[in-house]
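One-letter residues, chain by chain:
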Amino acid sequence: MTTNIRLGALTTLAFMAAAGAAMAQETATAKDHCAGRKPYLIYYATHAVPEPVWETVRRGAEQGALDNCLKMKWTQDQVFSIETTINRMETAISEKPDLLVITATDPTAMRPTLERAAKAGIPVIAINVLDTAPKGKRVPYLIGIGADVYRSGVAAAEQVLAANPKVKHGVVPNHVPGHAGLEAMAKGFIDTLKAHGAMAEMISIGTDTSQIAATMSNYFLANPDTDAVFCMNSGPFCFETVLDVERREKRSKDTSNVSFDISPALLEAIGTGEAVAGIDQLMYLQGYLPAVVARNYLDYGMLPDADIGTGPAIIDKSNLEKVRHRVMDAGLN
């Protein structure tokens, strides 16, 4: 009995020693990984707000900075605002980061600020919303990382047409009127449906969920032939609220619903047949990849030859369970 206890104790001690050595080795490896590499500051001043998709971008940014031995500063607003986004960009310029990450949400309004960044020698990467002007005429940034928003709207319409080739009436509820990226995405959806003979339009709904519900209920009442809805927010600012209205009015199974971005509610609806598909833009990569590009550019002055597209990526029943794992277990919505 005594011998077994001593052997057990020795085994435990040996295991603990081995675990400690392994942890020490991992720490040394992490230190070696960043040894001699300048900890450049990458500063995010985008139109981010407290939504799950932007939290995913933030997680990507944090991991990207860690993996590439950078310092990272993240800023965001409480509510969407071009004015305060520009104010945060101006603050970023005053802090002289090694690289600035922005969203080109309103290129015209943001041009003076971005020209000041260029004059100050601060390189800029645009994510999420890119300037659609030709490269020589767009606002000054090195490279864009994000989904092709017009093509994302086209992809949404294609999913609707695959489910219902005889679609009659599509609508795009826009929760942020004036957002250049969302308006381009809506245009892609509308153009594609109209090319197939359907009626399609964009309407403004805002971000007050009670008002969204009332607006959509009134819209369905005035347009009972509406059989396709493309939401550009998968959360309460569009998809979740619109689906609640459709369920109350018993039209969710008769409407080809598609939404941009991912949410648990959207994945559930794809599974129940109340949504045709989701259009993803891989938000984690939009946060992560700027750090990879920044390290390469700041160390060697080299860039990829073209913007990096992160979408559209389609979610439907064929890959639903894999995406559920990505969202629920890995947290990469």
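Please read all numbers here as calculations on a predicted model, not as lab measurements.

A. Inspection of helix H4 (residues 107–119) at higher detail. The end-to-end C-alpha distance of H4, which contains 13 residues, comes to 17 Å, matching closely the 18 Å that a straight helix rising 1.5 Å per residue would cover. The complete set of buried residues in H4 reads Pro107, Met110, Thr113, Leu114 and Ala117. Each element contacted by the buried residues of H4 is listed here: helix H3 (82–94), strand E3 (99–102), strand E4 (124–127) and helix H6 (180–195). One or two positions beyond H4, positive phi appears at Gly121, with a value near 80 degrees.

B. Quick peek at the pairing of strand E2 (residues 71–75). Pairing of strand E1 (residues 41–45) with E2, which is carried by five bridges, proceeds in the parallel orientation. When the sheet's bridge partners are listed, Ala45 is paired in E2 with Thr75. Traced from E1 through helix H2 (residues 52–67) to E2, the parallel crossover comes out right-handed.

C. Local environment of the sheet that holds strand E12 (residues 313–315). Here we have six strands laid out as an open sheet, ordered E7-E6-E8-E9-E10-E12, and mixed in their pairing. On the outer flanks of this sheet lie strand E7 (199–204) and E12, each paired with one strand and no other. Pairs of neighbouring strands in the sheet enclose a mean axial angle of 20 degrees, with direction left out of account. Bridge analysis of strand E6 (residues 169–174) against E7 gives six bridges, and the strand direction is parallel. Each residue of the ladder has a partner; that of Val171, found in E7, is Glu201. Contacts from helix H9 (residues 264–272) reach strand E9 (256–260), strand E10 (277–280) and E12, with the element oriented near 145 degrees to E10.

D. Molecular detail of the packing of H2 against helix H10 (residues 283–300). One can describe the packing of H2 onto H10 by two numbers: an axis separation of 7 Å at closest approach and a directional angle of 30 degrees. Classified by the angle between their axes, H2 and H10 sit roughly parallel to one another. The interaxial crossing formed by H2 with H10 has right-handed handedness. Two secondary-structure elements touch here, H2 through Val53, Trp54, Thr56, Val57, Arg59, Gly60, Ala61, Gln63, Gly64, Ala65 and Asp67 and H10 through Met283, Tyr284, Gln286, Gly287, Tyr288 and Ala291.

E. Quick peek at helix H7 (residues 209–222). The terminal C-alpha atoms of H7, which comprises 14 residues, lie 20 Å apart, in line with the 20 Å expected from a rise of 1.5 Å per residue. For H7, the set of buried residues is Ile212, Ala213, Thr215, Met216, Tyr219 and Phe220. Buried residues of H7, viewed axially, fall in a sector of 165 degrees; they line one side. In H7, those exposed residues whose orientation departs by more than 90 degrees from the buried face are Ser210, Asn218, Leu221 and Ala222.

F. Spatial organisation of the state of the cysteines. Here the structure, examined in full by the defined rule, presents two disulfides. The disulfide that involves Cys34 links it to Cys69, with 2.1 Å between the sulfurs. Between Cys34 and Cys69 the disulfide shows an S-S torsion of about -85 degrees. By sign, it is left-handed. With Cys34 in helix H1 (residues 2–34) and Cys69 in the loop between H2 and E2, this pair connects stretches of sequence that are 35 residues apart.

G. View of unusual backbone geometry. A cis amide bond, omega 10 degrees, links Gly311 with the succeeding residue Pro312. Locating Pro312 in the fold gives a position in the loop between strand E11 (308–309) and E12. One non-glycine residue with positive phi stands out, namely Cys69, at about 60 degrees. Overall, the relative accessible area of 7% leaves Cys69 in the buried class. For Asn128, which is not a glycine, the phi torsion comes out positive at approximately 70 degrees.

Conventions adopted
Residues numbered from 1 in each chain as written. Predicted model: local features only at pLDDT ≥ 70, side-chain atom pairs only at ≥ 80, totals over all residues. Heavy atoms only, no water. Helix = DSSP H or I, 4+ residues; strand = E, 2+ residues; numbered from the N terminus. Expected span 1.5 Å × (residues − 1). Buried < 20%, exposed > 50% of the residue type's maximum accessible area, 1.4 Å probe, protein only. Contact = heavy atoms within 4.5 Å. Pairing = 2+ DSSP bridges. Right-handed = clockwise from strand over helix to strand, strands pointing away. Axes fitted to C-alpha atoms, helices over the stretch in contact; angles between N-to-C directions. Parallel < 35°, antiparallel > 145°, perpendicular 65-115°, else oblique. Left-handed = near helix turned anticlockwise from the far one by under 90°. Arc of directions from axis to C-beta. Disulfide = S-S within 2.5 Å.

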